[in-house]
Amino acid sequence: MRVHFVIHEAFEAPGAYYDWAIKRGHEVSLTKLYQGEKLPVDSSKIDLLIVMGGPQSPRTTVEECPHFDAQAEIALIKDAIAHDKRIIGVCLGAQLLGEAYGAPVEHSPEKEIGNFPISLTQAGKTDKRLTYFGKTVTVGHWHGDMPGMTEGAQILAASQACPRQITKYSDKHYAFQCHLEFSKDMVQDLLAQEVDYDEQVATHPYIQTKQEILTYDYSQMNHLLEQFLDAYTK
């Protein structure tokens, strides 16, 4: 399988998604937008498109962030949808997938940073690819927005702070607002980008301390992600 990653920033790495693709022997390619690399012209050489996160929003303009062109990414995602390719959107990528379906990004009720539980909805409990999640599982979070909804979309998981943690737009198109790919090194890189972090912890109920984030064991969520990806790509 040809797996292509769209990466917006060095500190928003694909983590366990990339590790899974390598371990399973898939052909992996990457577009590192932060290094000035260009998006593929279309999805013809891609079987699975994985669009990662970033501090940007689908509303961010090229003037505000020259290496990020939301409309170009949405066009690539639309092309992948039209050609029946598999697509996973993560965080910002989840919001861009929603945009490609015509569902504008929305603000989440609460900002979340850290590791908090998500609970499967009834639709999530019946999704065979999420069998291993159980009813509730702790996963990573680093967001203030969430993907928009279409009439046919299903919410598969929610948290206390965000009602759209995993959204399914079609059988091949999943949007993960949450992060199961995190590692300690990755969250350390993300924390380095945060400004006035201690103030954020004091003012937001769903932002954990640096110590809580850096001492967490991310192996369980990584394993769950691998199980999902194996089932998703059968």
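I will try to describe carefully the structure that is included in this document. All figures in this text were calculated on a predicted structure; none of them were measured in a lab.

Let us now look at the state of the cysteines. According to the stated counting rule, one finds 0 disulfides in the structure shown. In this structure Cys 91 is a free cysteine whose sulfur lies 9.3 Å from that of Cys 178, the closest cysteine sulfur available. Using a relative accessible area of 3% as the deciding quantity, one classes Cys 91 as buried.

Following both chains from N to C, one finds helix α1 (residues 15-23) and helix α8 (residues 219-232) inclined at 50°, their axes separated by 10 Å at the closest point. Relative to α8, α1 is oriented oblique. As for how α1 packs across α8, the hand of that crossing is right-handed. Residues Ala 16, Tyr 17, Trp 20 and Lys 23 of α1 form the contact with α8, whose participating residues are Asn 222, Leu 225, Glu 226, Leu 229 and Asp 230.

Moving on, we get to the pairing of strand β2 (residues 27-32). Two elements, strand β1 (residues 2-7) and β2, share 6 bridges in a ladder whose sense is parallel. By the bridge assignment, Ile 7 is partnered in β2 with Lys 32. With α1 bridging β1 and the parallel β2, this β-α-β connection has right-handed handedness.

Calculation criteria
- Residues numbered from 1 in each chain as written.
- Predicted model: local features only at pLDDT ≥ 70, side-chain atom pairs only at ≥ 80, totals over all residues.
- Heavy atoms only, no water.
- Disulfide = S-S within 2.5 Å.
- Buried < 20%, exposed > 50% of the residue type's maximum accessible area, 1.4 Å probe, protein only.
- Axes fitted to C-alpha atoms, helices over the stretch in contact; angles between N-to-C directions.
- Helix = DSSP H or I, 4+ residues; strand = E, 2+ residues; numbered from the N terminus.
- Parallel < 35°, antiparallel > 145°, perpendicular 65-115°, else oblique.
- Left-handed = near helix turned anticlockwise from the far one by under 90°.
- Contact = heavy atoms within 4.5 Å.
- Pairing = 2+ DSSP bridges.
- Right-handed = clockwise from strand over helix to strand, strands pointing away.

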